[in-house]
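Okay, here's what each chain looks like letter by letter:
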Amino acid sequence: MDKQIIHMDQDAFFVSVEIRKNSSLKNKPVIIGGTSDRGVVTSCSYEARKFGVHSAMPSRMAKMLCPHAIFVKGNMDDYTKASQEITSIVAEKAPLFEKASIDEHYIDLTGMERYFGSMKFAQGLRHYIMKETGLPISFGLSVNKTVSKMATNESKPGGEREVCPASVQSFLNPLSIKKIPGLGSATYVKLSEMGVRYIHKLIKIPPEMMLKVMGQPGLTLWQKANGVDLSPIVPYREQKSIGTQSTFAADSMDITAIKELLAAMVTNLAYELRQSCKLSACITVTIRYANFETVTKQASIPYTSLDHVLINKAKELFDTVYNRRMLLRLVGVKLSHLVGGCEQIDLYSTSEKRYNLYQVMDKIRNRYGGDAVKLASSLI
């Protein structure tokens, strides 16, 4: 049976949120990201993309390509809240959906088309989201997740497109293989060397050869090129870890400052844990030396979401992993082995006053933002 899968994707999501906050940015080349020499473009407006700017590009290069661009640092709290606004609308209207990322959703309408038109539903939902949130969105409707996502990408920005079963291959054939979701740059180079740059060429390769040359990923790629994707809509995906990292503006050996930064990073992650009612049983610290050598160390801990416990263990791991007198360019921390639950008061190790302090701090953050209050240990 042919499925009815909608893929909805926000148009330049981070930029759109910034425009909602500041309308003077509309129709201008806007770049979200750091402005230092080591800054990276997180997102950019379509006006900036016309100059060749794209996400993950060094900010320095983006400035050269588009010197009149407006740089905005960005605020992840604002983007998360906007994402939640959209997800709550989709959850209310859609029978089955999957949140694929912060700015995209898949919706399964299979079987519902006999009661109302799937395209009509998708159009109505899109217009409702734009009306309620003030954020632009595009969608694609087709027989599976791969084709619907590619249909969305071909209709952006501010578009909508349906690819019916009979026209799937004619829609895919003229597209570059770069358009296939999940195809990386290394795979593109390998296929280009074989003379394959468009989907109509890729589908002519026998699947046995794709399997022999590229293994199972090659066969999966061939199937997608032929419009075959059996992956289901997953309504819930368990989060296994959270983490963050920071690249310094200049290589550093200021251990005190690095530990301050590490404490601040852990504080933010611990707050995120408590907000989602989760506990962590494993913490990992990563450092990268100036010569790009990366070293990682992890440790198991009792399930917790408390700042001071995680900060102490993070600093302990840092002291263990940083064993060479060399400049550092990056530090990162990750909390994993996550389970649902809330911290229980342990009178032998943590006072009730400290638990009350965390609750008050979280209330302040919830009201005034994640950076409204911090532990002194992250500032010393």
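Above this text is the structure in question.
Residues numbered from 1 in each chain as written. Predicted model: local features only at pLDDT ≥ 70, side-chain atom pairs only at ≥ 80, totals over all residues. Heavy atoms only, no water.

(A) Fine view of the overall build of the chain. In terms of helices and strands, the chain carries 13 helices and 13 strands. For the chain, the proportion of its 380 residues judged to be buried stands at 44%. For the chain, long-range pairs separated by at least 24 residues make up 64% of all intrachain contacts whose partners lie at least 6 apart in sequence. As displayed, the chain has an accessible area near 19900 Å², and 54% of this comes from carbon and sulfur atoms. Charge separation in the chain, taken as the distance between the mean sites of 49 positive and 36 negative side-chain charges, equals 4 Å. (Helix = DSSP H or I, 4+ residues; strand = E, 2+ residues; numbered from the N terminus. Buried < 20%, exposed > 50% of the residue type's maximum accessible area, 1.4 Å probe, protein only. Contact = heavy atoms within 4.5 Å. Areas by Shrake-Rupley, 256 points an atom, 1.4 Å probe, with all protein chains shown as cover. Lys, Arg positive; Asp, Glu negative; His and termini not counted. Charge placed at Lys NZ, Arg CZ, Asp CG, Glu CD.)

(B) Structural view of the sheet that holds strand β8 (residues 160–162). Judged by pairing direction, the sheet is mixed, and its five strands sit side by side in the order β5-β6-β1-β7-β8 without closing on themselves. The sheet is open, and its two edges are formed by β5 (97–101) and β8, each paired on a single side. Averaged over all pairs of adjacent strands, the angle between strand axes in this sheet comes to 15°, irrespective of strand direction. Here strand β7 (residues 137–142) runs beside β8; their pairing, made up of three bridges, is parallel. Looking at the pairing, F139 lines up with E160 of β8. Across the face of the sheet, helix α6 (residues 145–155) comes into contact with β1 (5–10), β5, β6 (104–108), β7 and β8 while running at roughly 140° to β7. (Pairing = 2+ DSSP bridges. Axes fitted to C-alpha atoms, helices over the stretch in contact; angles between N-to-C directions.)

(C) Here's a closer look at the pattern of salt bridges. Per the stated rule, a full pass over the model turns up 13 salt bridges. One salt bridge in this structure joins K145 and E98, with 2.9 Å as the shortest N-O distance. Here K145 is found in helix α6, whereas its partner E98 is found in strand β5, with 47 residues between them in sequence. There is no split in this pair, since K145 and E98 are both buried. The closest approach of N and O atoms between R126 and E160, which form a salt bridge, is 3.0 Å. Of this pair, R126 sits in helix α5 (residues 118–133) while E160 is found in strand β8, placing the two residues 34 residues apart along the sequence. Residue R126 is classed as buried on the basis of its relative accessible area, which comes to 8%. Within the structure, one salt-bridge network assembled from shared partners comprises D9, D11 and K156. (Salt bridge = Lys/Arg side-chain N within 4 Å of Asp/Glu carboxyl O.)

(D) Quick look at the sheet that holds strand β3 (residues 41–44). The three strands lie next to each other as β3-β2-β4, forming an open sheet whose pairing is mixed. A strand with exactly one partner marks an edge of an open sheet, and here the two such strands are β3 and β4 (70–72). The average angle at which neighbouring strand axes cross in this sheet is 30°, direction not considered. Alignment of strand β2 (residues 30–33) against β3, held across three bridges, turns out to be antiparallel. The partner of I32 across the bridge, within β3, is S43.

(E) Structural detail: the packing of helix α11 (residues 255–275) against helix α12 (residues 307–321). Closest axis-to-axis distance for the α11/α12 pair is 9 Å, and the angle between their directions is 140°. Considering their axes alone, α11 and α12 lie oblique with respect to each other. Note that α11 runs across α12; the crossing there is right-handed. Contacts between α11 and α12 pair I255, I258, K259, L262, A263, V266, T267, A270, L273 and R274 from the former with D307, L310, I311, A314, K315, F318 and D319 from the latter. Taken together, the residues that form the contact of α11 with α12 break down as 11 nonpolar, one polar and five charged. (Parallel < 35°, antiparallel > 145°, perpendicular 65-115°, else oblique. Left-handed = near helix turned anticlockwise from the far one by under 90°. Nonpolar A, V, L, I, M, F, W, Y, C, P; charged D, E, K, R; others polar.)

(F) Main features of the environment of I102. Following the sequence through the fold, I102 ends up in the loop between β5 and β6. The sequence separation of I102 and F14 amounts to 88 residues, and the corresponding C-alpha distance is 9.9 Å. In this view, I102 contacts F13, F14, M76, Y79, T80 and S83; residues no more than four positions away in its chain are not counted.

(G) A look at the nonpolar core. Of all hydrophobic cores here, the largest spans 29 residues; its most connected members are I6, M8, F13, I107 and I129. Secondary structure elements with two or more residues in this core: β1, α1 (13–21), β2, α4 (76–93), α5 and β7. The contact partners of I107, leaving out residues within four places of it in the chain, are Q4, I5, I6, M8, V90, A94, L96, F97 and L125. M265, V266, A270 and F318 belong to the second largest nonpolar core, which has 28 residues in total. (Core = buried A, V, L, I, M, F, W, Y, C linked by side-chain atoms within 4.5 Å.)

(H) Molecular detail of the environment of F139. By the secondary structure assignment, F139 is in strand β7. F139 sits 85 residues away from H54 along the chain, and the two C-alpha atoms are 21 Å apart. Those residues in contact with F139, other than ones at most four positions away along the chain, are I6, H7, M8, M119, A122, Q123, R126, T152, S155, G159, E160 and R161.

(I) Looking closely at the packing of aromatic side chains. In this structure the tally under the stated criterion is four aromatic pairs. Note on F14 and Y79: the rings are 4.1 Å apart at their centroids and 10° apart in plane angle, and the pair reads as stacked. Linking F14 in helix α1 with Y79 in helix α4, this pair joins segments that are 65 residues apart in sequence. Y79 shares its class with F14; the two are buried. K145 extends its terminal NZ or CZ atom over the ring of Y106, reaching a point 5.0 Å from the ring centre. (Phe/Tyr/Trp six-rings, centres within 6.5 Å; stacked < 30°, edge-to-face > 60°. Lys NZ or Arg CZ within 6 Å of the ring centre and 35° of its normal.)

(J) Structural detail: α4. Here α4 spans 26 Å end to end across 18 residues, near enough to the 26 Å set by a 1.5 Å rise per residue. Taken together, the buried positions of α4 are occupied by Y79, A82, S83, I86, T87, I89 and V90. One side of α4 holds all its buried residues, which, seen down the axis, span an arc of 160°. Along its buried surface, α4 packs onto β1, α1, β2, β5, β6 and α5. (Expected span 1.5 Å × (residues − 1). Arc of directions from axis to C-beta.)

From the geometry alone we can't say anything about function, so treat these as descriptive.
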